Every structure is written in C-alpha cells, then in structure tokens.
Amino acid sequence: MSLVIEGLSKQYTKSIQALKHISLTVSDGESIGIVGESGSGKSTLARILLGLEPYKEGSVTYKGKLIVPKNRSSLRAYRKSVQMIFQDSTSTLNPKLPIWKSLLEPLDNYKEFSPSFLEQGLTKLEKAEKLLEIVGLDKEMFSRYPVELSGGQKQRVSIARAISLEPSLLVCDEPTASLDMTIQVQILQLLKELQRKTNMTILFISHDIRAVAYLCERMIVLKEGLMVDEFKMADIYHSDRHPYTKALIKAASID
Amino acid sequence: MVKSSLISIQDLRITSQSAEKVLISNVNLEIGKGEIVGLIGESGSGKSLTARAVMRLLPPDMKVSGKIFYKGTDVLAVNPKEHRHLLGSGIGMIFQDYRGSFTPFIKIGNQMIETIRTHYKMTKNEAKSIALTVLEEMGLESKRVYDSYSFQLSGGQVQRAAIAMSLALKPDLIICDEMTTALDVMSGERVLDYIDQIRNKTGCSVLMITHDLALAYKRTDRMYVMNQGEIVEEGLPEQIRCHHKHPYTKKLCSCLLALPAKKSIQKKRAYSV
C-alpha cells in the first residue's frame, strides 16, 4: 500500500466543504481514475496529495510517511517522488524559456538525484534531447519556445518534465481535456506505456470516463465532496453502481 | 435526402488576404428544416470558420466566396442591414466560451430584454415575460437567473441562458459551436437534452459543431467530417462510424475511446468462473 488516505475532510469556508471523509488506499503501480463533475472536489484532493493544500481532519500517508504541508524538508523529498501534470500545459511552461531549459528545471532543482535513464556525464542539451525522445517528440524541438508548440506537444513536454525525476506517483489533473480527439488518445497511450515501463502509480483525474476506462484499472466517483462509488473497471456495469455513476456511464456510452 | 432545405452552403471558400492562404475550400453543406446536423473535425479544420461565415463574423481580412442560401436568399450577397434583418432573429449562435456570451456588468434579464427589443417591436414588459418564459423552458429558475449577473451562475446555467436568449427570438436555426466543451459531462448532457426538447417543440434546425465524435454520433441526424478546410465525408452517423470511406474519418473513428463493451466483460466473467 503506497498511498493511504483516511477520513480526509477539507473545509474552505464555513459553507464550502470540498471533501467529506474520503478514505482510499492505492497500491504501488496501480492506475486509479478519479471522476466527478466540476466542484466535486477532484482538484482539491489532488492539491492535498501534492502537499499544496493544508487539511485539518484525517490523514494522508505516502509509503508510511504522513504528508504535512508545513514541513518543508520532508515535503521536498516527497515532491521528488510525486509529480503532477495539469490540464493547462500553456501555463505549466514558462513562455520566456526555451523548451530545454523548462525541461531541465526539475533536475536542476534536485541536483543530488540522477535518473536511471540518463547516463552519467551527459551535457544539459543531451539530457533534454533524451527526455524529448522518451515522450516521442522530435529532438530538434529543444531550442523552441512554448508558443511554437501545439497543445499536444506542450502536454508531452510537461509529461517529460514530470517523469524526469522518476516519480513513483504521477497525479494527472485533466491532462487531455483541452486536446483534440486524436491527440488525446496519443497522450493516453504515452501515459500507459510510461506506466508499463516504470511501474509508477497513476492518479488520473478526469470527467471523461471513457479516458479513465482506457487508462485505469480502478475508478472512484466523487460527488459534492463525497466518495459515492469505488469499483474495478470490470465491474463498471454491475447493478451495485451508484445512480450517479450510472448516469455518468449512460452519458459516456456510445451505443 | 434533405426534405426541405433551410440553409445551403455551396462551394464556400475562405482565404486569408494577409497570409495569402486558403483556409477552407469546397465546403458544401445542407441543413433541412427541423434537422440536427453535426459538423465534426479537429482544431484548425475550419468548422468554426464555416459557422462564422454564415453569421458574417469573420475578421475583415478574410475573403469569402461561394454562396450561402438561407431560405432562398444568398446571405453573402445582401447588404449588412438586410443581413441583420435576415439572420438576427433567424439564426442563433451559441459559443463555446460561455463567459463571453453575456456582458458581466449587466444583469442577464436586461440583456435579454435589449436583445429581444432589437428584433421585435414591443414594450419592456412584453419582452420581460418572453424572457422569463424561455428561461423557464430551459429548466432554469427564471426569476433568479433573470436578476443575476452572468458570473453568479454556473457554466451550465449560463450556457442554458444563452440558448434561452437565442430561443427568445424564435430562430429557425441554432448554431452550436462546441457548446458543451467547456462544461462537465453531466451539465453538458442536460444542455443537449434541452436542445433536443426545443427542437421537438419548435421544429427548428440545429448545426452542432463539435470535435467530439461520440457526441455527434449520439445526437445528430446526419454528420459532416471536416479536415484541413475541406469536408471529407458526409453521411448518417452509423455510416460515418462503421462504414467510413475516407482515411481521415477512419483515423478519427480509431481514436474514439469506448467504455468496455458489456458483452465482452460478461464473457470474461463466464470464463473466469
């Protein structure tokens, strides 16, 4: 069990309770989808997992260690193993930096760490080229600026950046929501392949159950901060599904 | 195939004068009365340009040629005043960016009254009662929405209010440009259900522009597939999905993610048992 969430609640103001008693265990190498409409608390959950958001009730432990946002030194170690990909790849990348500089920012930040896929003694540019290769981008891209890249390419760069630290947990917050259909599938394929290679845990937040069904083995459904359903993909049509899950499935099914 | 044509686009071609580039060409599209037609394609394929050409919302440096017949009149040939008269209430358009549909500093109700009174001669009270009725029809709390500013409502509510506003003018055609893209699945579904409902009730036609093949497949009578400024295939949803001819359509369909099929899961279970 790598990630254990117990009785997690989050209150923003008196009237807004974003999460209500969430309990969830995720094992190593698992891919789990978190589904819910806007305002259901998906992103709050992701922010808490990354140590970006304080919480008062409940506990979140990763590999036996409690995640406490205020403890900076332990957070630094934790963040190396947990990375995130956001929906908006444009604002993830600094528009003033060429791609290779953006790509190497995490590695520069954790100088003491050298990832296994990079041989020793590579120059910075060679490292960036190698990273681009992993996510299926042309090597020549390293000198370009974010404005010169398409949405799908930028999302690939942010994936490359996230996996450069070889995280054991990757949190994806709607990574394909603003992409075209064909590009969306390419990104999902890339994530699936990377997961197979590195055996990292993927937490995939989305409101698109079809994408979740493609990538994940298990799915949880949030509604107004409550976890209303949790099931393995194979049980998607089981009669025990929550009415809300059924409605979501109905909306997403094609036939 | 088309019973009685409402709008017919013939050999539409749009070129950008500054970049000397052909943006869309040979676009032929027809929508019959009461029909719901899907126009699908990826970003940059020219779907929105086609819609904007009908509405004459293109930037001035784009040159349009070809013909767009709306109820027998070529909308590209008439002068701006006649065009407003012809389209203002005849064709309603709903955009993806619902935050841009209403001005943030005027209440929704007042904006609706203004729009209605631009097209029909009537008193404020008459306009108000129309506004309240159409808001009610879209399943909104009419009084509350009427007295709200757009930022006080959720995305789905604003999008429904935008449909209500176009409905108030009794359009024959509603163009929905990526209407549900910015909404989450459930509110998107609800908005689409309301579109179906008003179509049944008023008999208006709908042009549904979307990148979501699954949505078009489920919700339209007929669809067009657009790629790089040209329409590459046209047909019934079933044809497009299962018996497509063009390689691009094939590529699109191969990217259509589906939920695991009910049957295959049951089979797997049977084996494992």
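Keep in mind the model is a prediction, meaning the values are calculated, not measured.

A.B. asks: Honestly, the sheet that holds strand E8 (residues 201-206) of chain A in this entry has me stumped. Any pointers?
C.D. replies: In a beta sheet, neighbouring strands pair by backbone hydrogen bonds and run either parallel or antiparallel. Residues and elements named next belong to chain A. Taken in spatial order, the 6 strands line up as E6-E7-E8-E3-E9-E10 in an open sheet, and their pairing is mixed. A strand with exactly one partner marks an edge of an open sheet, and here the two such strands are strand E6 (82-85) and strand E10 (226-232). The sheet shows a mean angle of 15 degrees between the axes of neighbouring strands, taken without regard to direction. As paired elements, E6 and strand E7 (residues 169-173) share 4 bridges and run parallel to each other.

A.B. asks: Would you explain the state of the cysteines in this entry?
C.D. replies: Note: disulfide means a covalent bond formed between the sulfur atoms of two cysteine side chains. Within the structure shown, the criterion is met by 0 disulfides over all chains. In this structure Cys172(A) is not part of a disulfide, and its nearest cysteine sulfur, from Cys216(A), lies 8.5 Å away. Residue classification places Cys172(A) among the buried residues on the basis of a relative accessible area of 0%. Not engaged in a disulfide, the cysteine Cys204(B) finds its nearest cysteine sulfur in Cys176(B); these two sulfurs lie 8.9 Å apart.

A.B. asks: So what exactly am I meant to see when it comes to the pattern of salt bridges here?
C.D. replies: Opposite charge on two side chains allows them to pair when their charged atoms are near. Counted under the stated rule, the structure contains 22 salt bridges over all chains. In this structure, Arg218(A) engages Glu30(A) in a salt bridge whose closest nitrogen and oxygen atoms are separated by 2.6 Å. Here Glu30(A) lies in the loop between strand E2 (17-26) and strand E3 (31-35) and Arg218(A) lies in strand E9 (residues 218-223), a separation of 188 residues in the sequence. Judged by its relative accessible area of 10%, Arg218(A) falls in the buried class. Each of Glu189(B), Asp193(B), Asp196(B) and Arg219(B) takes part in salt bridges that share partners, so that together they form one network.

A.B. asks: Before we go on, may I ask you to explain the pairing of strand E6 (residues 91-94) of chain B in this structure?
C.D. replies: Regular strands place their side chains on alternate faces of the sheet. Residue and element names in this part refer to chain B. With burial as the criterion, each face of E6 is covered, one bearing Ile91 and Met93 and the other bearing Gly92 and Ile94. Across 4 bridges, E6 lies against strand E7 (residues 173-177) in parallel orientation. What sits directly across from methionine 93, in E7, is isoleucine 175.

A.B. asks: Help me understand empty space enclosed by the protein, please; the structure alone is not making it clear to me.
C.D. replies: Take a probe with the size of a water molecule and roll it over the atoms, and the empty space left behind shows itself. Residues and elements named next belong to chain B. Scanning the entire structure with this criterion turns up 1 cavity of 30 Å³ or more. Taken together, Glu137, Gln197, Ile198 and Lys201 make up the full set of residues lining the largest cavity. Counting residues per element, the lining of the largest cavity draws most heavily on helix H7 (residues 185-202), which supplies 3 residues.

A.B. asks: I'm lost on unusual backbone geometry in this one. Help?
C.D. replies: A negative phi angle characterises most non-glycine residues, just as the trans form characterises most peptide bonds. A positive phi angle, close to 45 degrees, is found at His21(A), a residue other than glycine. Residue classification places His21(A) among the exposed positions, given a relative accessible area of 55%.

A.B. asks: Explanation requested: the environment of Gly64(A) in the structure shown.
C.D. replies: Along the chain, Gly64(A) falls in the loop between strand E4 (57-62) and strand E5 (65-66). Residue Gly64(A) is classed as exposed on the basis of its relative accessible area, which comes to 70%.

A.B. asks: Teacher, can you tell me more about the confidence of the model for chain B here?
C.D. replies: The predicted coordinates of low-pLDDT regions are not to be read in fine detail. Residues and elements named next belong to chain B. Per-residue confidence for chain B averages 87 on the pLDDT scale, and 95% of its residues sit at or above 70. pLDDT under 50 marks residues 268-273. Its contacts with residues more than four places away, or in other chains, come to 3 contacts. As scored by the predictor, the complex reaches a pTM of 0.81 and an ipTM of 0.72.

A.B. asks: Can you walk me through the environment of Ile7(B) in this structure?
C.D. replies: Residues and elements named next belong to chain B. Structurally, isoleucine 7 is set in strand E1 (residues 5-16). Expressed as a C-alpha distance, the spacing of isoleucine 7 and lysine 33, which sit 26 residues apart in the sequence, is 8.5 Å. If we skip the residues at most four places from it in the chain, isoleucine 7 touches Leu29, Glu30, Ile31, Val54, Ile68, Phe69, Tyr70, Ile91 and Leu173.

A.B. asks: Just checking my understanding: could you explain the sheet that holds strand E3 (residues 36-40) of chain B for this structure?
C.D. replies: All names here are of chain B. One open sheet accounts for 6 strands, arranged E6-E7-E8-E3-E9-E10; its pairing is mixed. Each having just a single partner strand, E6 and strand E10 (230-235) make up the two edges of the open sheet. Pairwise comparison of adjacent strand axes, ignoring direction, gives a mean angle of 15 degrees for this sheet. Pairing analysis gives 5 bridges linking E3 to strand E8 (residues 205-210), with the strands arranged parallel. The partner of isoleucine 40 across the bridge, within E8, is threonine 210. Packing of helix H6 (residues 155-168) onto the sheet brings it into contact with E6 and E7, and relative to E6 it is tilted by some 170 degrees.

About the criteria used
- Residues numbered from 1 in each chain as written.
- Chains lettered and ligands numbered in written order.
- Predicted model: local features only at pLDDT ≥ 70, side-chain atom pairs only at ≥ 80, totals over all residues.
- Heavy atoms only, no water.
- Pairing = 2+ DSSP bridges.
- Helix = DSSP H or I, 4+ residues; strand = E, 2+ residues; numbered from the N terminus.
- Axes fitted to C-alpha atoms, helices over the stretch in contact; angles between N-to-C directions.
- Disulfide = S-S within 2.5 Å.
- Buried < 20%, exposed > 50% of the residue type's maximum accessible area, 1.4 Å probe, protein only.
- Salt bridge = Lys/Arg side-chain N within 4 Å of Asp/Glu carboxyl O.
- 1 Å grid on protein atoms, 1.4 Å probe; cavity = no way out; pocket = protein on both sides within 12 Å on 5 of 7 lines; lining within 4 Å.
- Points joined across faces, edges and corners; volume = space filled by probe spheres on them.
- pLDDT = per-residue confidence, 0-100.
- Contact = heavy atoms within 4.5 Å.

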